[in-house]
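# Observations on the model geometry
Here's the letter readout for the chains.
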Amino acid sequence: MSEIIYTKNAPEAIGPYSQAIKTGDLVFTSGQIAINPATGAVEAQTIEEQTQQVCKNLSAVLEAAGSGLDKVVKTVCFLKNMSDFAAFNEVYGKYFTGKPARSCVAVKELPKNVLVEIDTIAKAGESK
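Our subject in this report is the structure included herewith. Here the structure is a predicted model, which means the values were calculated and not measured.

### Examining the sheet that holds strand β1 (residues 2–5)
- Judged by pairing direction, the sheet is mixed, and its six strands sit side by side in the order β1-β2-β3-β8-β6-β7 without closing on themselves. Two strands lie at the open edges of the sheet, namely β1 and β7 (101–106), each paired on one side alone. Sheet twist, expressed as the mean angle between neighbouring strand axes with direction ignored, is 15°.
- Against the sheet, helix α2 (residues 85–95) touches β6 (72–79), β7 and β8 (116–123), its axis set at about 150° to β7.

### Overview of the nonpolar core
- Of all hydrophobic cores here, the largest spans 24 residues; its most connected members are Phe 88, Phe 96, Val 116 and Ile 118.
- Listed by contribution, the elements that provide at least two residues to this core are α1 (47–64), β6, α2 and β8.
- Looking at this core element by element, the count peaks at seven residues for α1.
- In contact with Ile 118, other than residues within four places in its own chain, are Ser 30, Gly 31, Gln 32, Val 54, Cys 55, Leu 58, Thr 75, Val 76, Cys 77, Phe 88 and Tyr 92.

### Regarding the packing of aromatic side chains
- Considering all chains together, one arrives at two aromatic pairs under this definition.
- Pairing Phe 88 with Tyr 92 gives two aromatic rings, centres 5.4 Å apart and planes at 40°, and the pair type is tilted. Separated by four residues within a single helix, Phe 88 and Tyr 92 lie in helix α2, roughly one turn from each other. In this structure, Phe 88 and Tyr 92 share a single accessibility class: buried.
- In textbook terms, an aromatic cluster arises when at least three aromatic residues are bridged by ring pairs, as seen for Phe 88, Tyr 92 and Phe 96.

Conventions and cut-offs
Residues numbered from 1 in each chain as written. Predicted model: local features only at pLDDT ≥ 70, side-chain atom pairs only at ≥ 80, totals over all residues. Heavy atoms only, no water. Pairing = 2+ DSSP bridges. Helix = DSSP H or I, 4+ residues; strand = E, 2+ residues; numbered from the N terminus. Axes fitted to C-alpha atoms, helices over the stretch in contact; angles between N-to-C directions. Contact = heavy atoms within 4.5 Å. Core = buried A, V, L, I, M, F, W, Y, C linked by side-chain atoms within 4.5 Å. Buried < 20%, exposed > 50% of the residue type's maximum accessible area, 1.4 Å probe, protein only. Phe/Tyr/Trp six-rings, centres within 6.5 Å; stacked < 30°, edge-to-face > 60°.

Listed below in structure tokens is the structure:
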């Protein structure tokens, strides 16, 4: 049986989807962008600031599911500009210290014209 995950500490879904779904021993997060959950707005401007906000949002969703960034086994990362790859990696590496498997692609456009979106698959269960 699957469980819909919701937390007010991450942005509300802006469409017909959930922040995450927990099924069995896995948590699948929806893609997170750099929306500040307190204001509902994209405030971060640089790739570094946006990546940091995205990681905070993912952390909040995973925590609500009883997991955490340290339990992530796979990420899919979407960048508006591949020229941001090095700066993105610098911030990403501070949050995903377990070095999960990853795909990272450049895309033409992202919601709200942000620079980055990340979704994850994580193990369920208590985070360290």
